[in-house]
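Residue-level structure breakdown
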Amino acid sequence: MKLIIVEGLDNVGKDLLIKHLSDTEKNVMVRHWSYPQGNSNDEKTQYQKDSFHNEMKKWQLGNSNNFDETLIWNRSHIGEYVYGTIYRQSHPETWIPQLEHEYLTCDNVYLIFLYADADFLIDEDDGKSYSVNKKDKELEIQKFHESIDKSIIKNKIKIKVNDGKYYINESNIHEQINSKFSFI
């Protein structure tokens, strides 16, 4: 089973890319990570720990049994490094590396990070982002880059989705991914 993780900030085109991948891959399952549940930051952090552990365990079991399937995660543990650190003062660096070492070291895991300039993301905001403050958005982008760089996932790519005030052509994104991974 192939695992494709599509990660990035709000409004960078994750859903559009996932739709394309779903249309081109065989036997696709898509899982979307959303906001953590809980009343306190500690509860939300524990929810994230449990959710990621359970999902990665399912991936590991599926990986050993279903070689012709593709699992796509819309967001992942990488986002916890960003949003957990900035907005919940959690310490994901104490537990996320262990999850990656335990579950995501195989060759059929792919990490695609989509990003854009802070000003562009603020202009494209749909009202559902954590923040539309430029300083916060720049920090989110910085934390995502740091998290992707720290990740031990072997197959990873970063793609900037804007050129000034405009999205780059969707086919350009697909070409970048295909030239790196050869699965689109």
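First things first, this report covers the structure right here in the doc. Here the structure is a predicted model, which means the values were calculated and not measured.

With respect to topology, five strands assemble into an open sheet ordered β2-β3-β1-β4-β5, the strand pairing being parallel. Each edge of the open sheet is held by one strand with a lone partner, namely β2 (28–32) and β5 (155–160). Here the average twist between neighbouring strands, direction ignored, is 15°. As paired elements, strand β4 (residues 109–115) and β5 share six bridges and run parallel to each other. In the sheet register, Leu114 faces β5, and the bridge partner there is Ile159.

Inspection of the secondary structure puts Asp10 in the loop between β1 (2–8) and α1 (14–24). Judged by its relative accessible area of 16%, Asp10 is buried.

The next thing to look at is unusual backbone geometry. Backbone geometry at Asn11 places phi at a positive 70°, although glycine is not the residue there. Note on placement: Asn11 falls in the loop between β1 and α1. Residue Asn11 is classed as buried on the basis of its relative accessible area, which comes to 19%. With a phi angle near 80°, Arg75 is a residue other than glycine that sits in the positive phi range. Here Arg75 shows up in the loop between β3 (70–74) and α3 (77–87). Of the residues examined, Arg75 reaches a relative accessible area of 14% and is grouped as buried.

A separate point is the packing of aromatic side chains. Counting across every chain of the model gives nine aromatic pairs. Between Tyr83 and Tyr87, the ring centres sit 6.3 Å apart and the planes meet at 20°, which makes this aromatic pair stacked. Here Tyr83 pairs with Tyr87, and both are found in helix α3, just four residues apart, close to one helical turn. Residue classification places Tyr83 among the buried residues on the basis of a relative accessible area of 8%. The partly exposed category is assigned to Tyr87, whose relative accessible area is 23%. Ring plane angle 15° and centroid distance 5.4 Å describe the contact between Phe113 and Tyr115, whose orientation is recorded as stacked. Here the aromatic cluster, defined as three or more aromatic residues joined through ring pairs, consists of Tyr83, Tyr87, Phe113, Tyr115 and Phe144.

This part takes up the environment of Tyr103. Here Tyr103 lies in helix α4 (residues 96–103). Relative accessible area serves as the criterion here: at 3%, Tyr103 is assigned to the buried category. Along the sequence, Tyr103 and Lys58 sit 45 residues apart, while their C-alpha atoms lie 9.9 Å from each other. In this view, Tyr103 contacts His53, Met56, Lys57, Trp59 and Gln60; residues no more than four positions away in its chain are not counted.

Turning our eyes to something else, we now look at the nonpolar core. Grouped together as the largest cluster of nonpolar side chains are 50 residues, with contacts concentrated most on Trp73, Leu104, Ile112 and Leu114. A per-element tally of this core places β4 first, with seven residues. Beyond its immediate stretch of four places on either side in the chain, Trp73 contacts Leu3, Ile4, Ile5, Val6, Arg31, Trp33, Glu55, Met56, Trp59 and Leu104.

Rules used throughout
Residues numbered from 1 in each chain as written. Predicted model: local features only at pLDDT ≥ 70, side-chain atom pairs only at ≥ 80, totals over all residues. Heavy atoms only, no water. Pairing = 2+ DSSP bridges. Helix = DSSP H or I, 4+ residues; strand = E, 2+ residues; numbered from the N terminus. Axes fitted to C-alpha atoms, helices over the stretch in contact; angles between N-to-C directions. Buried < 20%, exposed > 50% of the residue type's maximum accessible area, 1.4 Å probe, protein only. Phe/Tyr/Trp six-rings, centres within 6.5 Å; stacked < 30°, edge-to-face > 60°. Contact = heavy atoms within 4.5 Å. Core = buried A, V, L, I, M, F, W, Y, C linked by side-chain atoms within 4.5 Å.

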